[in-house]
Amino acid sequence: MIGRSIDRSVAVLQRLTQRWQLVLLNAALLFTFSFARPAASSLDARINRKVAHQRFDFVGWTVESIWQKLTHGLIAPQRYMTEANRSQFVLDYLDLVAETHRVERQIHRMYVDPDIENPEAATVELRAREEELRTDIDRRQPIAEAILEEQVAWVLREEGFGVLGQEIPPVKISFTPLPRMLIVSPRDRIETIYQIGLTHGLGTSEQERLEEMIDSSLGVSSLITNIGGLAAYPSMLLETTSINWITDVTAHEWTHQYLLPRPLGYRYFASGETRAINETVATIVGQEVGRKVVARYYPDHLPPEPEPDPDPAEAAPEEPPVEPPPFDFRLEMRETRIQVDELLDEGRIEEAEAYMETRRQMLVEQGYAVRKLNQAYFAFHGAYAAHPGAAGDDPIGPAVQEFFARSPDLRTFVNRIAGVTTLAELEMLLIP
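Residues numbered from 1 in each chain as written. Predicted model: local features only at pLDDT ≥ 70, side-chain atom pairs only at ≥ 80, totals over all residues. Heavy atoms only, no water.

A. Region of the structure containing the packing of helix H11 (residues 329-345) against helix H12 (residues 349-365). Interhelical geometry of H11 versus H12 gives an angle of 170 degrees and a closest axis separation of 9 Å. With respect to H12, the element H11 is oriented roughly antiparallel. Contacts from Phe 329, Glu 332, Met 333, Glu 335, Thr 336, Gln 339, Val 340, Leu 343 and Leu 344 of H11 reach H12 at Ile 349, Glu 351, Ala 352, Tyr 355, Met 356, Arg 359, Met 362 and Leu 363. Residue composition of the contact of H11 with H12, grouped by class: eleven nonpolar, two polar and four charged. (Axes fitted to C-alpha atoms, helices over the stretch in contact; angles between N-to-C directions. Helix = DSSP H or I, 4+ residues; strand = E, 2+ residues; numbered from the N terminus. Parallel < 35°, antiparallel > 145°, perpendicular 65-115°, else oblique. Contact = heavy atoms within 4.5 Å. Nonpolar A, V, L, I, M, F, W, Y, C, P; charged D, E, K, R; others polar.)

B. View of H12. Here H12 contains 17 residues, and its C-alpha end-to-end distance of 25 Å stays within 8% of the 24 Å for a straight helix at 1.5 Å per residue. Among all positions in H12, only Ile 349, Ala 352, Met 356, Arg 359, Arg 360, Met 362 and Leu 363 are buried. Seen end-on, H12 carries its buried residues on one side only, within an arc spanning 160 degrees. Opposite the buried face of H12, at more than 90 degrees from it, the exposed residues are Glu 350, Thr 358 and Glu 365. Of the residues one or two after H12, Gly 367 is the one with positive phi, at around 100 degrees. (Expected span 1.5 Å × (residues − 1). Buried < 20%, exposed > 50% of the residue type's maximum accessible area, 1.4 Å probe, protein only. Arc of directions from axis to C-beta.)

C. Inspection of the nonpolar core at higher detail. Ranked by size, the top nonpolar core spans 57 residues in total, and within it Ile 277, Val 281, Val 289, Val 400, Phe 413 and Ile 417 carry the most contacts. Of all elements in the fold, only helix H4 (83-112), helix H6 (124-158), strand S1 (173-175), helix H8 (243-259), helix H10 (272-297), helix H14 (396-406), helix H15 (410-417) and helix H16 (423-429) reach the threshold of two or more residues within this core. Considering every element that reaches this core, the biggest residue donor is H6, with eleven residues. Residues within four places of Val 289 in sequence aside, it is in contact with Val 152, Val 155, Leu 156, Ala 251 and Leu 410. Counting residues in each nonpolar core, the second largest holds 29 residues, with Met 236, Met 362, Leu 373 and Ala 376 among its members. (Core = buried A, V, L, I, M, F, W, Y, C linked by side-chain atoms within 4.5 Å.)

Pasting the structure below:
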């Protein structure tokens, strides 16, 4: 009887896992199609027509990626590796990526060097080496992805995100060229009113052309920006050499998928408040889980814990600084956002836009290559409110952080806040 009960439980879990994968695949398809058939006169439809030839093919990418995962799962060579060998395999893979990036930078420098008359001839050996490295990366990538998926899944299950030893949804990632994200905001306020993925090969001049066409014809503020990850299924991750970044973003994107059938997930686009709460929760989970993955499997790469801020009541009086304090990008962005919000609240749109351009030029002088700073920039980056910065004085980030600090564990924190979609509801959670 006990054996039959276990068998039935395992069968139920397998069906749940399969259904989760189908739910996420369908959600990805519906997400794509939801942008394809708006009312003909709507803002969405007008923008869709302007970017029709540059849209990222999420349907094709998702189907192909899931098929690759299924075929690799039939072999799964990582299962026969020791834990130490699995971690070393991932680190070797990241070293291979780093070497490839170095070669690509060398090739780029030779093409832009005016002293090299024939860069094509000068880079023959480098380009052959790049092709060789890329072939090796393609061969190793499915195994490296599978190992990282299983390592992150182990920590998630340890944190309580599992049923009968299986995290739901299963962790799936893919290192891939990411789409560029088009964000559109009104000019008179900071709010994302349209968002869609565009092809990853879109050059800077084409981005500028599309933004200008959208802004001038529709009277909005737009931005085409890079992203580091996307919660498609499998999660789309940027190719990188940092194990800390990979584990963080893997858990971050998984959190979006976990929240999908819950109010905080399926109402992601309902309002800026919902999106900011969702992204802040995902950031916290990414940081917590990512650090634990590195501590367990890659301890030599674990960065030191950040030092807590001193208690103001106990801190000694500060001496006047001899040199000006170092430039703080987040602090500068926070101050910029606060000033822009004030100007827009007063209806001074042109003044706010001129101020943002002045601040952008200042950031460039400080070494930060910000191509465009406008309402759409803050609408997108302001949703990531776990740390001070583009969110300005938005109280959502601090409130989510406070609720996390009060929660007994990560799973309780996520499951309780998963039903929250507004700042008012979030504040209710904080009432003793």
